[in-house]
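# Coordinate analysis (summary)
Listed below are the residues making up each chain.
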Amino acid sequence: MTSKSTIKAISMRVLRYAFATSLGTMLVVATYLWWVLLSPFGYERPADLAAIPSGEYRVFVYGTLTYAPVRWLVYGRTGSPEAASLAGFRKQELDLVEAPDQSVDGMVLLVDAEELADLDRYERLGYRYERVRVQLESGTNVWVYRRL
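This structure is a prediction, so every number in the text was calculated from the model and none was measured.

## Digging into the pattern of salt bridges
Tallied over the entire structure, the rule returns 5 salt bridges. The partner of R77 in a salt bridge is E115, and the shortest N-O contact between them spans 2.6 Å. Remark: E115 occurs in helix α3 (residues 113–123) and R77 occurs in the loop between α2 (68–75) and β2 (82–92); sequence separation between them is 38 residues. Its relative accessible area of 10% is what places E115 among the buried residues. The closest approach of N and O atoms between R146 and D95, which form a salt bridge, is 3.9 Å.

Spelled out as structure tokens, the structure:
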């Protein structure tokens, strides 16, 4: 009987350790995602960037922001994005590079000034990306984020 109770005690310790490790890992991942996506502490808008006037903005997205849960985390709603194509570019890892005979499929988001600021924070405008005006195949002018 002693060996069965010892085995049971060891098994319970292993289960508690596995549970605590899993919980700790999830907490670290959640904290990292909060810091990167939502935290006002992880990003400070560069002083040389102009303020965003109030109004509506169209933003072409082609990566993680095409996923509704990511948009919800970044600016609080999923919106109603429209499918769109950007001619003259191709997707290369996390960026767009000029490619005259190619195009990139993505979505156009319609956002207000506050949501655009949230997108700027997510993309780390001024540090990782710049926001530039481009014209879609449809002729619509939109903003797009390009790697610095």
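Next, the rest of the story.
## Describing the environment of D95
Along the chain, the position of D95 falls in strand β3 (residues 95–112). Residues D95 and R146, spaced 51 residues apart in sequence, show a C-alpha to C-alpha distance of 5.8 Å. If we ignore the near neighbours within four places in the chain, the residues touching D95 are Y62, R90, R146 and R147. Polar side-chain contacts of D95 include one of 3.0 Å to the backbone nitrogen of R147.

## Structural notes on the packing of aromatic side chains
Throughout the structure, instances matching the rule amount to 1 aromatic pair. With a centroid separation of 6.3 Å and 25° between ring planes, the pair formed by F60 and Y62 is classed as stacked. Residue classification places F60 among the buried positions, given a relative accessible area of 1%. Judged by its relative accessible area of 11%, Y62 falls in the buried class. Its guanidinium or amino end placed over the ring of Y129, R147 lies 5.2 Å from that ring's centre, counting from NZ or CZ.

## Let's talk about the side chain of S85
Tracing the backbone through its elements, the reader meets S85 in strand β2. For S85, a relative accessible area of 16% puts it in the buried group. Side chain to side chain, S85 and D105 meet in a polar contact 2.5 Å long. Once you skip the residues sitting within four places of it in the chain, S85 turns out to touch F60, S103, V104, D105, L136 and E137.

## A look at α3
Within α3, 9 of the 11 residues are buried, which leaves the element mostly enclosed by the surrounding structure. Of the residues that open α3, the one with a side-chain oxygen 3.1 Å from the backbone nitrogen of E114 is D112. R124 sits one or two positions beyond α3 and adopts a positive phi of about 55°.

## Some details on α2
Within the sequence span of α2, burial applies to R71, V74 and Y75. Down the axis of α2, the smallest arc covering the buried residues is 70°, so these residues share one side. Away from its buried face by more than 90 degrees, α2 exposes P69 and W72.

Calculation criteria
- Residues numbered from 1 in each chain as written.
- Predicted model: local features only at pLDDT ≥ 70, side-chain atom pairs only at ≥ 80, totals over all residues.
- Heavy atoms only, no water.
- Salt bridge = Lys/Arg side-chain N within 4 Å of Asp/Glu carboxyl O.
- Helix = DSSP H or I, 4+ residues; strand = E, 2+ residues; numbered from the N terminus.
- Buried < 20%, exposed > 50% of the residue type's maximum accessible area, 1.4 Å probe, protein only.
- Contact = heavy atoms within 4.5 Å.
- Polar contact = N/O pair within 3.5 Å; in protein donor to acceptor, adjacent residues only side chain to side chain.
- Phe/Tyr/Trp six-rings, centres within 6.5 Å; stacked < 30°, edge-to-face > 60°.
- Lys NZ or Arg CZ within 6 Å of the ring centre and 35° of its normal.
- Arc of directions from axis to C-beta.

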